[in-house]
Amino acid sequence: MSSEILRRFLENGFQLHPEALKLICSQESPERIAERVIASLDSSVLVVQPEHVFPFIRERREDGLKILESFTSSSSNASVENFHRYFLSRYEKLRRIIEQRGIRGRDISTIGRVSKGSEVTLIGMINDIRETSSGNILIELEDQSGAVTAVITKESECFERAKLLVRDEVVALRGIKQSDLLIVRELIEPDVRVQRLRNVQKVSSGILFLSDIHVGSNTFLKEEWEKLISWINGENGNESQRALAEKIEYIIVAGDLVDGVGIYPNQDRELEILDVYHQYEAAAELFERIPRKIRLIISPGNHDAVRQAEPQPPLPDEIQELFPKNTVFISNPSMIEIHGLKILIYHGRSLDDIAPLIPGAYRNPHVVMIELLKKRHLSPIYGEKVPLAPEEEDHLVISETPDVLHCGHVHTVGVGSYRGIYLINSGTWQDQTEFQKRMNIVPTPATAVFMNLQDLSPKILRFL
Ligand code: D5M
Ligand code: FE
Ligand code: ZN
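Here goes a summary of the coordinates provided.

Rules of the game
- Residues numbered from 1 in each chain as written.
- Chains lettered and ligands numbered in written order.
- Predicted model: local features only at pLDDT ≥ 70, side-chain atom pairs only at ≥ 80, totals over all residues.
- Heavy atoms only, no water.
- Helix = DSSP H or I, 4+ residues; strand = E, 2+ residues; numbered from the N terminus.
- Rg over C-alpha atoms; globule rule 2.2 N^0.38 Å.
- Buried < 20%, exposed > 50% of the residue type's maximum accessible area, 1.4 Å probe, protein only.
- Contact = heavy atoms within 4.5 Å.
- Areas by Shrake-Rupley, 256 points an atom, 1.4 Å probe, with all protein chains shown as cover.
- Lys, Arg positive; Asp, Glu negative; His and termini not counted.
- Charge placed at Lys NZ, Arg CZ, Asp CG, Glu CD.
- Donors = N, O, S within 2.8 Å, 3.2 Å for Na, K, Ca; no water.
- Pairing = 2+ DSSP bridges.
- Axes fitted to C-alpha atoms, helices over the stretch in contact; angles between N-to-C directions.
- Core = buried A, V, L, I, M, F, W, Y, C linked by side-chain atoms within 4.5 Å.
- Salt bridge = Lys/Arg side-chain N within 4 Å of Asp/Glu carboxyl O.
- Parallel < 35°, antiparallel > 145°, perpendicular 65-115°, else oblique.
- Left-handed = near helix turned anticlockwise from the far one by under 90°.
- Nonpolar A, V, L, I, M, F, W, Y, C, P; charged D, E, K, R; others polar.
- Phe/Tyr/Trp six-rings, centres within 6.5 Å; stacked < 30°, edge-to-face > 60°.
- Near = heavy atom within 4 Å.
- Polar contact = N/O pair within 3.5 Å; in protein donor to acceptor, adjacent residues only side chain to side chain.
- 1 Å grid on protein atoms, 1.4 Å probe; cavity = no way out; pocket = protein on both sides within 12 Å on 5 of 7 lines; lining within 4 Å.
- Sits in = over half its atoms within 2 Å of the grid points.

**A closer look at the overall build of the chain**
Link 1 in the chain: When helices and strands are counted, the chain shows 13 helices and 19 strands.
Link 2 in the chain: The C-alpha atoms of the chain give 23 Å as radius of gyration, which agrees with the globular expectation for 464 residues (23 Å, within 12%).
Link 3 in the chain: Dimensions of the chain along its principal axes, counting C-alpha atoms only, are 70 × 65 × 45 Å.
Link 4 in the chain: Out of the 464 residues in the chain, the part that is buried amounts to 56%.
Link 5 in the chain: For the chain, the share of sequence-separated contacts (at least 6 apart) that also reach a separation of at least 24 residues comes to 70%.
Link 6 in the chain: Surface exposure of the chain reaches about 20,600 Å², of which carbon and sulfur atoms provide 47%.
Link 7 in the chain: Averaging the positions of the 54 positive and the 67 negative side-chain charges in the chain gives two centres separated by 5 Å.

Printed below as a string of structure tokens:
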């Protein structure tokens, strides 16, 4: 989206200040705003500033919510060319991050032209990664010029980190090429800067994080949900619990609002509502009981009625219309800002791809989320659990470090922090399903996470 806007301005002979671009892209229809801004400019303007944009935007400052990034349009079909372009976008975005963060000032060599014997730093995408019979790690690293096989031995300092690397992520390797192998001495991951939360306004309100409600499933926990809603309405809980509820200004749902239909084989046996539209009607009814002064923010997941491939656009208009007017629909993933707090919302399907590498992952989903931040990518592996759409630009790269990363999907609750970034996995409102019993997946249902904007400490709430 942002590159399209930028192009539009350039075509008309104007440069665009990054802040002005951000402002435009935060609007519901950036293209229309861009057109209006361009029409208002006279040719003496060289760089379009935020001041040029202000008159045309609808900023709802009074409630402190900004949609910084929400993916809407898709132009891509799944052609080889589009995938090539998509992975190139991923490579270039992550390369820039690694250059700025990890290897400032170092020379980076081109993989296809590495000479033997001298130490080199290479940035590439992992084409293949496997363990050898002797327990070392072999990585095939590729850039546009070629590929190289790199070995990280068990004795290497970076061996433990290397065990968590996955296919299709972008990293830097430093080492010496001997015969046909790069002997790795150092691994540099994109990773995040320490977040200092400078821009957060210390207001006295808070945010309630939810996910995986699965309305329509016969294991949706109606009674516990009722308890949640009563609590939000100040109808139950002790004094301090009521005081907490009083503070809720926003509720964010990170996907799987409904159970959907045909998501997995024989799902219909576990559905209470068999029609997906009726599931959304039921969900909308549940949300009716949330006080109107609370803003609802809904992002889809793999059970929702949008395309499965990520990034997923917001729920379609005919579903949005069912919901109360205080609801905002955004894509998966999305970046929003609440009173200066930047929140990256991602359903979390890729957590299933990374979990096998981490012992006890499903009991500590926030630990798996750290890996997404280190990789600076929300869904690195192509061809495993997560279908990816080859968009012109890779929207799943974590270009900007958030203050909070909010996921769901794995149906277990967990909070933590990494380099000053809060990690929240908000659990589920669906009890263990037959499928999960067979797979030995043990959910922590009827949970939510509350974050007070005054002190930002996330608090797990249980309604079971
Ligand atoms: O996913 C909830 C959790 O259950 C998540 O960790 C994946 C796992 N799950 C659910 N269905 C499947 C299938 N068919 N294969 C493997 N793992 C699965 P949710 O998105 O709510 O279904
Ligand atoms: Fe789910
Ligand atoms: Zn899910």
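**Re the coordination of the zinc ion (ligand 3)**
Six octahedral donors around a metal ideally make angles of 90 or 180 degrees; four tetrahedral donors ideally make 109.5 degrees.
Link 1 in the chain: Note on the zinc ion (ligand 3): its protein donors are Asp256 (OD), Asn302 (OD1), His347 (NE2) and His409 (ND1). The metal-donor distances range over 2.2 to 2.3 Å.
Link 2 in the chain: Of note, the zinc ion (ligand 3) draws all its donor residues from one chain, in the sequence arrangement D-x45-N-x44-H-x61-H.
Link 3 in the chain: Between the zinc ion (ligand 3) and the iron ion (ligand 2), a spacing of 3.2 Å is present, and a bridge between the two is formed by Asp256. Highlighted residues: Asp256 in the loop between strand 10 (248–254) and helix 9 (276–288) and His347 in the loop between strand 14 (341–345) and helix 11 (351–354), separated in sequence by 91 residues.

**Describing the sheet that holds strand 5 (residues 137–143)**
Link 1 in the chain: Spatially, five strands are ordered 4-5-6-8-7 in a closed barrel, and the strand pairing comes out mixed. Going from strand to strand, the sheet's axes swing by 55° on average, the running direction of each strand aside.
Link 2 in the chain: Of the pairings in the sheet, the one linking strand 5 to strand 6 (residues 146–152) comprises seven bridges and is antiparallel in character. Counterpart to Asp143 in the pairing with strand 6 is Gly146.

**Some thoughts on the coordination of the iron ion (ligand 2)**
Link 1 in the chain: For the iron ion (ligand 2), every protein donor is listed as Asp212 (OD), His214 (NE2), Asp256 (OD) and His411 (NE2), and the spread of their distances is 1.9 to 2.3 Å.
Link 2 in the chain: Motif for the iron ion (ligand 2), donor spacing along one chain: D-x1-H-x41-D-x154-H.

**Regarding the nonpolar core**
Link 1 in the chain: Ranked by internal contacts, the top residues of the largest apolar core, which has 41 residues, are Leu373, Leu378 and Leu405.
Link 2 in the chain: Going through the elements one at a time, helix 5 (80–101), strand 4 (119–131), strand 7 (170–178), helix 11, helix 12 (365–375), strand 15 (404–407) and strand 17 (421–426) are the ones with two or more residues in this core.
Link 3 in the chain: The element best represented in this core is helix 5, accounting for seven residues.
Link 4 in the chain: Setting aside anything within four residues of it in sequence, one finds Leu373 in contact with Asp191, Val192, Ile398, Pro402, Leu405, Tyr418, Ile421 and Leu423.
Link 5 in the chain: Among the nonpolar cores identified, the runner-up in size contains 38 residues, and Ile251, Phe323, Ala448 and Leu461 belong to it.

**A closer look at the pattern of salt bridges**
Link 1 in the chain: Enumeration over the complete set of coordinates arrives at 25 salt bridges.
Link 2 in the chain: For Glu235, the salt bridge goes to Arg289, with nearest N and O atoms at 3.3 Å. Residue Glu235 is found in the loop between helix 7 (222–232) and helix 8 (239–247), and its partner Arg289 is found in the loop between helix 9 and strand 11 (295–299); the two are separated by 54 residues along the sequence.
Link 3 in the chain: Judged by relative accessible area, which is 33%, Arg289 ranks as partly exposed.
Link 4 in the chain: For Lys342, the salt bridge goes to Glu400, with nearest N and O atoms at 3.3 Å. Of this pair, Lys342 sits in strand 14 while Glu400 sits in the loop between helix 12 and strand 15, and the two are 58 residues apart along the sequence.
Link 5 in the chain: When salt bridges that share partners are traced, they join Glu119, Arg174 and Arg185 into one network.

**Some thoughts on the packing of helix 1 (residues 2–11) against helix 2 (residues 18–25)**
Link 1 in the chain: Relative to each other, helix 1 and helix 2 sit at 120°, their axes nearing to 10 Å. On the basis of their axis angle, the class for helix 1 and helix 2 is oblique. Seen along the crossing, helix 1 lies across helix 2 with a hand that is right-handed. Across the interface between the two elements, Ser2, Ile5, Leu6 and Phe9 of helix 1 pack against Leu21, Ile24 and Cys25 of helix 2.
Link 2 in the chain: The residue inventory of the contact of helix 1 with helix 2, partitioned by class, reads six nonpolar, one polar and no charged.

**Side note on the packing of aromatic side chains**
Link 1 in the chain: Throughout the structure, instances matching the rule amount to 12 aromatic pairs.
Link 2 in the chain: A centroid spacing of 6.2 Å and a plane angle of 55° characterise the contact between Phe220 and Trp225, whose relative ring orientation is tilted.
Link 3 in the chain: In this structure Phe220 comes out as buried when scored by relative accessible area, which is 12%.
Link 4 in the chain: Since its relative accessible area comes to 1%, Trp225 is described here as buried.
Link 5 in the chain: Taking the centre distance of 6.0 Å and the plane angle of 55° together, the rings of Trp225 and Phe287 count as tilted. Taken together, the residues Trp225 in helix 7 and Phe287 in helix 9 connect sequence positions 62 residues apart. Assigned by exposure class, Trp225 and Phe287 land together as buried.

**Focus: the side chain of Ser379**
Link 1 in the chain: As for its position among the elements, Ser379 is in the loop between helix 12 and strand 15.
Link 2 in the chain: In this structure Ser379 comes out as buried when scored by relative accessible area, which is 1%.
Link 3 in the chain: Residues contacting Ser379, with those up to four places away along its chain left out, are Arg90, Glu310, Tyr346, Ser350, Val386, Leu388 and Leu396.

**Topic: the site of ligand 1**
Link 1 in the chain: As a matter of local geometry, ligand 1 sits amid 13 residues, with Asn302, His303, Asp352, His409 and His411 nearest to it.
Link 2 in the chain: Between ligand 1 and the protein, one listed contact pairs an oxygen atom with a side-chain N or O atom of Asp256 at 3.2 Å.
Link 3 in the chain: Within the side chain of His303, a nitrogen or oxygen atom sits 2.6 Å from an oxygen atom of ligand 1.
Link 4 in the chain: Mapping ligand 1 onto the cavity grids shows that it belongs to the second largest pocket.
Link 5 in the chain: Considered class by class, the residues forming the shell around ligand 1 number four nonpolar, six polar and three charged.

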